[in-house]
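# Remarks on the overall topology
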Protein chains: 2
Amino acid sequence: MTMQLGKQSAGLDGPVYINSSASIVGKKEGEGPLGLLFDMVGEDDMFGCASWEEAESSLQKDAVYMALGKAEKKPEDMRFIFAGDLLGQSIATSFGIMNYGIPLLGVYGACSTCGESLTLGSMAVAGGFADQVVCVTSSHFASAEKEFRFPLGYGNQRPLSATWTVTGSGAFVLGKEKEQKARARITGLTVGKIVDYGLKDSMNMGACMAPAAASTIGQHLEDFGCQPEEYDKIITGDLGSVGQTVLLDLLREKGYDIADRHMDCGMEIYDAESQDTHAGGSGCGCSAVTLSAYILKQLEEKNWKKVLFVPTGALLSKTSFNEGQTVPGIAHGVVLESP
Amino acid sequence: MTMQLGKQSAGLDGPVYINSSASIVGKKEGEGPLGLLFDMVGEDDMFGCASWEEAESSLQKDAVYMALGKAEKKPEDMRFIFAGDLLGQSIATSFGIMNYGIPLLGVYGACSTCGESLTLGSMAVAGGFADQVVCVTSSHFASAEKEFRFPLGYGNQRPLSATWTVTGSGAFVLGKEKEQKARARITGLTVGKIVDYGLKDSMNMGACMAPAAASTIGQHLEDFGCQPEEYDKIITGDLGSVGQTVLLDLLREKGYDIADRHMDCGMEIYDAESQDTHAGGSGCGCSAVTLSAYILKQLEEKNWKKVLFVPTGALLSKTSFNEGQTVPGIAHGVVLESP
């Protein structure tokens, strides 16, 4: 079933199916270019809750609920849930998915969490540990600003390299058996290493994460012995416009030109001009909701046959930033093919 | 190789071996009852670093270094590292293990992280995704007090139900093949669910986590169709003396009496009388260093043949606590047998 490939990758001969998925986003994301594709759009970013953290928890709860519903499954059909978020001690996850009573394996990969949870979920299914699992992740603009940057009321200026944390959550039901509504197959995995070029600017996370994305994409192509042309799209999570230029340059140095097939979820989710989001969207939710709403739709409709999905994460905290540490990056690659 | 058992468990027919392990602790832990068993004891809790967070990172770095050294392996022999800690955004991990360049799958399970990382590491090995992986986790008294409670200089009083966060890190090299110095076999896994009895007292985390430990242990016995007598010891992570009484009571309600074979790492690591640690030790490091230094030694020397190791975690953050949320618990069970 499973083949270890090269240094960091695995091929799944018996593939794992994404049998259903769901996305929920905030008002601003609903007004963006992908707005009509999301399953649910909030009227405001509190989602009827008393705090931003609770609102983020409710996003995870709702995304899992919708993904299970579309798959016509109950929580008890899921053997494990792989879940995580950006908040300290992953509280959006704990308080969001607790009531489902699904055995939890909590993950942390900053904004690469969607890739990490799909990776571990695929391993559990392909390895025979589970027939069905659910993977979920989220982010919320306001809870993230509070966690990482300044109080919203402070009204600080944002440099043009900054990204805007997506309010949203995406959930994915993975299974060993292909179901009728299967959206995609997962056929390969490349687990990322931490890459640190010494950058310290938390307002330019695209540049901080681009070296990790370049490392994972380069290693993926080497491990699988293939060229970028193998993929209809190579899709990063949330590098934004600044990070994209760094990624393309770094991959050119490795001998790969992916400019004609690179897409970044952070650059798709907002209209940078009219929505004032500067370099683009970011956060765990960014790649997760774009995967569910847009990328899987293209695979389902066979507009794309095969893509490499590479969510990217910046491994900083408020404490590490204030103590003068760098902002290292990580990125995990998942090969997705038409169902 | 793998058999799904009951609702939350898996049996590993082809077992996974813990081929080496290492522990490093702070001064206070070195002065405790297990002091002579640890591989390394720091002279002070800064470990030559400029901040507590850096000190905690250095613990993970050193634990992995020693575990690899004992196994006579290099970082590049490890396909993945499963790692996590208690700090927001797991910065002790990111800055601790970055330079090894091992593909990282970051985990978060609060103080159950040692159990979660061994669970996922075993899945990766038994599932054919890796021949060898390393699992590491840590905690640090001072970085945890800062992250969760009060500034140390504030000198707040601690209630008798409070536990003392262990300064320490434990690392474990898992492999498909049994090596000469193998310390134990992993033969079963039970993944825990979040259990929330509505308690809100972060100074009584033993009571908050005990229901999760009872849930996992009860489900484990049901899934494997066995009785507590199957195990020489049933070992929780850091319930402490208050949590222990809750656990024993809850399991009696389920029809299981484990009083004669229950052990709690938090109650072993300090001398509660002379070291003023109240209910016992806690933190990801508590179960990890006790496993490496004490539990694996008993299995190696065949004093015990089979134990159920159940690290326990409290899923709170400073934010969730201050917002009035409960303190839910989680616990993951790992069956360890003599090598």
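Refer to the structure printed above.
Here's a quick rundown of the structure.

Reading the values: the criteria
- Residues numbered from 1 in each chain as written.
- Chains lettered and ligands numbered in written order.
- Predicted model: local features only at pLDDT ≥ 70, side-chain atom pairs only at ≥ 80, totals over all residues.
- Heavy atoms only, no water.
- Helix = DSSP H or I, 4+ residues; strand = E, 2+ residues; numbered from the N terminus.
- Expected span 1.5 Å × (residues − 1).
- Buried < 20%, exposed > 50% of the residue type's maximum accessible area, 1.4 Å probe, protein only.
- Arc of directions from axis to C-beta.
- Contact = heavy atoms within 4.5 Å.
- Pairing = 2+ DSSP bridges.
- Buried area = accessible area lost by both parts, 1.4 Å probe.
- Salt bridge = Lys/Arg side-chain N within 4 Å of Asp/Glu carboxyl O.
- Polar contact = N/O pair within 3.5 Å; in protein donor to acceptor, adjacent residues only side chain to side chain.
- Nonpolar A, V, L, I, M, F, W, Y, C, P; charged D, E, K, R; others polar.
- Lys, Arg positive; Asp, Glu negative; His and termini not counted.
- Bend = angle between axes of the 7 residues up to and from the residue.
- Axes fitted to C-alpha atoms, helices over the stretch in contact; angles between N-to-C directions.
- Parallel < 35°, antiparallel > 145°, perpendicular 65-115°, else oblique.

### Here we look at helix H7 (residues 240-253) of chain B
Residues and elements named next belong to chain B. Between its terminal C-alpha atoms H7 stretches 20 Å, which fits the 20 Å expected from 14 residues at 1.5 Å a residue. Buried within H7 we find Gly-240, Gly-243, Gln-244, Leu-247, Leu-248, Leu-250 and Leu-251. Along the axis of H7, the buried positions cluster into a sector of 165 degrees, meaning they face one direction only. Buried residues in H7 make contact with helix H6 (205-223), strand E10 (233-236), strand E11 (262-264) and helix H8 (265-268). Gly-255 sits one or two positions beyond H7 and adopts a positive phi of about 95 degrees.

### What about the pairing of strand E1 (residues 2-5) of chain B?
On any regular strand, side chains alternate: one points to one face of the sheet, the next to the other face. All names here are of chain B. In terms of strand pairing, E1 meets strand E2 (residues 9-25) through four bridges, oriented antiparallel. The residue bridging Leu-5 from the neighbouring strand is Ser-9, located in E2. Linking E1 to E2, which pair antiparallel, is a turn of three residues; within it Gly-6 sits at a positive phi near 55 degrees.

### Details of the interface of chain A and chain B
Contact with chain A, which involves 65 residues of that partner, is made by 66 residues of chain B. Buried surface at the junction of chain A and chain B, both sides included, amounts to about 4900 Å², of which 63% is carbon and sulfur. Between chain A and chain B we count two salt bridges in total. Across the chain A-chain B interface, the total number found is 24 residue pairs in polar contact (both at pLDDT 80 or more). The greatest single-element share of the side of chain A that touches chain B, amounting to seven residues, is contributed by helix H4 (residues 113-126) of chain A. In the side of chain A that touches chain B, the residues fall into 31 nonpolar, 23 polar and eleven charged.

### Some words on the side chain of Asp-238 of chain B
All names here are of chain B. Structurally, Asp-238 can be placed in the loop between E10 and H7. With no salt bridge to any partner, buried Asp-238 finds its closest opposite charge in Arg-149, at an N-O distance of 8.4 Å. A polar atom in the side chain of Asp-238 sits 3.0 Å from the backbone nitrogen of Gly-283. At 2.7 Å, the side chain of Asp-238 forms a polar contact with the side chain of Thr-312. Residue contacts for Asp-238: discarding those within four places in its chain leaves Cys-111, Met-209, Asp-264, Gly-266, Gly-281, Ser-282, Gly-283, Cys-286 and Thr-312.

### Here we look at helix H10 (residues 284-300) of chain A
All names here are of chain A. Given a rise of 1.5 Å per residue, 17 residues ought to cover 24 Å, and the 23 Å separating the end C-alpha atoms of H10 matches this to within 8%. Of all the bends found along H10, the most pronounced is centred on Leu-291 and spans about 50 degrees. Within H10, 15 of the 17 residues are buried, leaving the element largely enclosed by the surrounding structure. Of the residues flanking the end of H10, it is Lys-302, one or two places downstream, whose phi is positive at about 60 degrees.

### Comments concerning the packing of H4 of chain A against H10 of chain A
All names here are of chain A. For the pair H4 and H10, interaxial distance at closest approach is 8 Å and the crossing angle is 60 degrees. Put simply, H4 runs oblique to H10. Taking contact as the criterion, the partners of Thr-113, Cys-114 and Leu-118 in H4 are, on H10, Cys-284, Ser-287, Ala-288 and Leu-291. Split by residue class, the contact of H4 with H10 holds five nonpolar, two polar and no charged.

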